[in-house]
Amino acid sequence: DSISCRDIRMMQEIEEFRAGVYRHYKGAYYFALGLARADETNEIVVVYTRLYSRDGLPLSTRLLRIWNEEVESATGWVRRFVYVGHATPGEHIGG
């Protein structure tokens, strides 16, 4: 069996993924807990929670390939989510 370019790209995305805080291109912040496998499709998903108040369930999932894709914004093409670290800007960890 040969490995496709898509499989290689997915393996790279899995290796490069980091848990932590991400900024969505529209400005909201989310905490990505880690990666999981969608049982129905075997696709890799990001498990995350929003860092702002909203009704509804606190955890969400998004396909890793969609999490990493570029989207068109008012300023041009940008990544949907950008890693910002282990805390939101202005937040101090450990005092």
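The structure this text deals with has already been given above.
Residues numbered from 1 in each chain as written. Predicted model: local features only at pLDDT ≥ 70, side-chain atom pairs only at ≥ 80, totals over all residues. Heavy atoms only, no water.

### Section: the overall build of the chain
Thought 1: Helix and strand content of the chain: 2 helices and 7 strands.
Thought 2: Counted from the first residue to the last, the chain has its helices and strands arranged as α-β-β-β-β-α-β-β-β.
Thought 3: Projected onto its principal axes, the C-alpha coordinates of the chain cover approximately 50 × 30 × 30 Å.
Thought 4: Across the chain, the mean location of the 12 positive side-chain charges is 6 Å away from that of the 13 negative side-chain charges. (Helix = DSSP H or I, 4+ residues; strand = E, 2+ residues; numbered from the N terminus. Lys, Arg positive; Asp, Glu negative; His and termini not counted. Charge placed at Lys NZ, Arg CZ, Asp CG, Glu CD.)

### Structural notes on the sheet that holds strand S3 (residues 44-50)
Thought 1: Reading across the sheet, the 5 strands line up as S4-S3-S2-S1-S7 and stay open at both edges, with antiparallel pairing between neighbours. In the strand order of this sheet, the two ends are held by strand S4 (59-63) and strand S7 (81-85), each with one partner. Averaged over all pairs of adjacent strands, the angle between their axes in this sheet comes to 45°, without regard to strand direction.
Thought 2: The sheet contact formed by strand S1 (residues 20-24) and strand S2 (residues 29-37) spans 4 bridges and is antiparallel. Paired with Arg-23 across the two strands is Tyr-29, which belongs to S2. (Pairing = 2+ DSSP bridges. Axes fitted to C-alpha atoms, helices over the stretch in contact; angles between N-to-C directions.)

### Things to note about the pattern of salt bridges
Thought 1: Tallying each qualifying case throughout the model produces 4 salt bridges.
Thought 2: The partner of Arg-9 in a salt bridge is Glu-13, with the nearest N and O atoms 3.4 Å apart. Of this pair, Arg-9 and Glu-13 both sit in helix H1 (residues 5-16), 4 residues apart, which is roughly one turn of that helix.
Thought 3: Looking at Glu-13, the relative accessible area reads 12%, which means it is buried. (Salt bridge = Lys/Arg side-chain N within 4 Å of Asp/Glu carboxyl O. Buried < 20%, exposed > 50% of the residue type's maximum accessible area, 1.4 Å probe, protein only.)

### Comments concerning the nonpolar core
Within soluble globular proteins, side chains that are nonpolar tend to cluster in buried spots.
Thought 1: Among the nonpolar cores identified, the biggest contains 9 residues, and these are Phe-17, Tyr-22, Tyr-30, Ala-32, Val-46, Tyr-48, Leu-64, Trp-67 and Phe-81.
Thought 2: Elements with a contribution of two residues or more to this core: S2, S3 and helix H2 (64-67).
Thought 3: Residues in contact with Tyr-48, not counting those within four places in the same chain, are Tyr-30, Phe-31, Ala-32, Leu-33, Pro-58, Leu-59, Ser-60, Thr-61, Arg-62 and Trp-67. (Core = buried A, V, L, I, M, F, W, Y, C linked by side-chain atoms within 4.5 Å. Contact = heavy atoms within 4.5 Å.)

### Section: the environment of Ala-28
Thought 1: Considering the arrangement of structural elements, one finds Ala-28 in the loop between S1 and S2.
Thought 2: In this structure the C-alpha to C-alpha distance between Ala-28 and Tyr-52, which are 24 residues apart in sequence, comes to 7.7 Å.
Thought 3: Ignoring sequence-local partners within four residues, the contact set of Ala-28 consists of Tyr-22, Arg-23 and Tyr-52.

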